[in-house]
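Coordinates in review
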Amino acid sequence: MDWIKTNSLIAIILTTLMVTACSVSYKFNGASIDYTKTKTIQIADFPIRSNYVWGPMANIFNNQLKDQFANHTKLIQVKRNGDLRIDGEITRYEQRNKAVSSEGYSAQTELSMTVNVRFTNNVNHAEDFERQFSANASYETTQSLNAVQEELVTQMVKDITDQIFNATVANW
């Protein structure tokens, strides 16, 4: 019986030592930036250039994009002459029927948003691009667009700003 207690005690001590000695800390923010060369970012406000407009959309997008880089990089945001530069415009915001009920009426509506982005890397111009990023969100037609618009736009903006972040500084 003492042999089992001794072996159990030794196993617990060894396990504790291994866990504490082998613990590894990872920090993943998605960015792969050489901060010795790239220190600043300039993010212009994106105007709405789509035919259909919802007023708060530009502010939601612009704030989320700036917050994305502030929260996930050590880059300093500047008004001009940034090492990295992001500008563009919201080019499309529209809704369309996505599903039809058995009675022939619209059952689900899809809201979509597209943003045109111009990215300039003044440290490495080989990474410059102009590209469009899009996101969609659906809602039941029994709901009014006014009731769900803010939530859906916020969801689409988060998706698009993640795409922009990944394309500009995550390099994956």
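Residues numbered from 1 in each chain as written. Predicted model: local features only at pLDDT ≥ 70, side-chain atom pairs only at ≥ 80, totals over all residues. Heavy atoms only, no water.

Examining the packing of aromatic side chains
In this structure the tally under the stated criterion is five aromatic pairs. For the pair Phe119 and Phe129, a centre-to-centre distance of 5.4 Å together with 35 degrees between the ring planes defines the contact as tilted. With Phe119 in strand E4 (residues 106-121) and Phe129 in strand E5 (residues 129-140), this residue pair connects regions lying ten residues apart in the sequence. The same class applies to Phe119 as to Phe129, namely buried. Across the ring face of Tyr35, the terminal group of Lys74 is positioned such that the distance to the ring centre comes to 4.8 Å. Lying across the ring of Phe129, Arg131 places its NZ or CZ 4.2 Å from the centre. (Phe/Tyr/Trp six-rings, centres within 6.5 Å; stacked < 30°, edge-to-face > 60°. Helix = DSSP H or I, 4+ residues; strand = E, 2+ residues; numbered from the N terminus. Buried < 20%, exposed > 50% of the residue type's maximum accessible area, 1.4 Å probe, protein only. Lys NZ or Arg CZ within 6 Å of the ring centre and 35° of its normal.)

So, helix H2 (residues 57-72)
End to end, H2 covers 22 Å across 16 residues, agreeing with the expected 22 Å (1.5 Å per residue, within 8%). Every buried residue of H2 is accounted for by Met57, Ala58, Phe61, Asn62, Leu65, Gln68 and Phe69. One face of H2 carries all of its buried residues, which in axial projection span an arc of 130 degrees. The exposed residues of H2 that point more than 90 degrees off its buried face are Asn59 and Asn71. (Expected span 1.5 Å × (residues − 1). Arc of directions from axis to C-beta.)

Quick look at the confidence of the model for the protein
Summary statistics for the protein give a mean pLDDT of 86 and a share of 77% for residues scoring 70 or more. The secondary-structure element of the protein with the lowest mean pLDDT is helix H1 (residues 2-21), recorded at 57, while strand E1 (residues 40-43) shows the highest, at 98. (pLDDT = per-residue confidence, 0-100.)

Here we look at the nonpolar core
In a soluble, globular protein the nonpolar side chains are often hidden away together inside. Counting residues in hydrophobic clusters, the biggest one holds 34 residues, and the most contacted among them are Phe61 and Met113. Taken together, the elements giving at least two residues each to this core come down to E1, H2, strand E3 (84-100), E4, E5 and helix H3 (145-170). Per-element tally for this core: the top contributor is H3, with ten residues. Non-local contacts of Phe61, meaning those with residues more than four positions away in its chain, are made with Phe46, Ile90, Met113, Val115, Val157, Ile160, Thr161 and Ile164. (Core = buried A, V, L, I, M, F, W, Y, C linked by side-chain atoms within 4.5 Å. Contact = heavy atoms within 4.5 Å.)

So, the side chain of Asp87
Tracing the chain through its elements places Asp87 in strand E3. Classification of Asp87 as buried rests on a relative accessible area of 11%. At 3.1 Å, the side chain of Asp87 forms a polar contact with the side chain of Arg85. (Polar contact = N/O pair within 3.5 Å; in protein donor to acceptor, adjacent residues only side chain to side chain.)

As for the side chain of Asn62
Here Asn62 lies in helix H2. There is a polar contact of 2.7 Å between the side chain of Asn62 and the backbone nitrogen of Phe46. Residues contacting Asn62, with those up to four places away along its chain left out, are Ala44, Asp45 and Phe46.

Let's talk about the environment of Asn62
Judged by its relative accessible area of 7%, Asn62 is buried. Residues Asn62 and Phe46, spaced 16 residues apart in sequence, show a C-alpha to C-alpha distance of 6.4 Å.

Digging into the environment of Thr154
In this structure, Thr154 sits in helix H3. Thr154 sits 93 residues away from Phe61 along the chain, and the two C-alpha atoms are 7.9 Å apart.

Some remarks on the pattern of salt bridges
On inspection of all chains with the given rule, the structure shows nine salt bridges. Ionic contacts of the salt-bridge type, sharing partners, join the residues Arg85, Asp87, Glu89, Arg118 and Glu130 into one network. (Salt bridge = Lys/Arg side-chain N within 4 Å of Asp/Glu carboxyl O.)

Some words on the packing of H2 against H3
For the pair H2 and H3, interaxial distance at closest approach is 9 Å and the crossing angle is 40 degrees. Relative to H3, the element H2 lies oblique. Between H2 and H3 lies a crossing of right-handed hand. Every residue of H3 that contacts H2 at Met57, Ile60, Phe61, Gln64, Leu65, Gln68, Phe69 and His72 is listed here: Val153, Thr154, Val157, Lys158, Ile160, Thr161, Asp162, Ile164, Phe165, Thr168 and Val169. Tallied by class, residues from the contact of H2 with H3 come to eleven nonpolar, six polar and two charged. (Axes fitted to C-alpha atoms, helices over the stretch in contact; angles between N-to-C directions. Parallel < 35°, antiparallel > 145°, perpendicular 65-115°, else oblique. Left-handed = near helix turned anticlockwise from the far one by under 90°. Nonpolar A, V, L, I, M, F, W, Y, C, P; charged D, E, K, R; others polar.)

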